[in-house]
Amino acid sequence: MSDQTQELLEYPTVFVKDGVQFVNKCQKPDRKEFIRLSQAVGVGFIVMGAIGYVLKLIHIPLNNILVGAA
């Protein structure tokens with residue numbers, strides 16, 4: 001029983017220790033990397049928006065046909 005309690009108390013300290021190590025290893029991206037990442041995110045937004053728009057254009061008339069037929 002004592003071993004289980006010891007393990008449960010050990011998890012938060014290990015988690016905090018790993019978190020601190022991760023934050024210390026992280027570094028701020030340089031300007032070139034930031035611009036590249038921003039462009040990739042922007043292209044992703046545009047592509048997902050275009051896909052949603054096309055699906056909506058297909059869905060509205062199809063829905064009207066199905067609802068109008070009933």
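These numbers were taken from a predicted model, which means no experiment stands behind them. (Residues numbered from 1 in each chain as written. Predicted model: local features only at pLDDT ≥ 70, side-chain atom pairs only at ≥ 80, totals over all residues. Heavy atoms only, no water.)

(A) Layout of the environment of Gly68. Among the secondary structure elements, Gly68 is positioned in helix α2 (residues 31-69). You can call Gly68 exposed: its relative accessible area is 64%. A sequence separation of 15 residues divides Gly68 from Tyr53, and the C-alpha atoms of the two residues are 23 Å apart. (Helix = DSSP H or I, 4+ residues; strand = E, 2+ residues; numbered from the N terminus. Buried < 20%, exposed > 50% of the residue type's maximum accessible area, 1.4 Å probe, protein only.)

(B) Representation of helix α1 (residues 2-25). End to end, α1 covers 35 Å across 24 residues, agreeing with the expected 34 Å (1.5 Å per residue, within 8%). At Glu10, α1 is deflected by roughly 25°, the largest bend along its length, and proline Pro12 occurs up to four residues later in sequence. When you tally the buried positions in α1, you get 0 out of 24 residues, a small fraction of the element. (Expected span 1.5 Å × (residues − 1). Bend = angle between axes of the 7 residues up to and from the residue.)

(C) View of the UniProt feature "transmembrane region" (unreviewed entry) in the protein chain. UniProt's entry tags residues 34-55 with the feature "transmembrane region" (unreviewed entry), counted in the numbering of this structure. Regarding residues 34-55, the helix share stands at 100% and the strand share at 0%, and the terminal C-alpha atoms are separated by 32 Å. (UniProt positions renumbered as here; feature names shortened; annotations may be inferred.)

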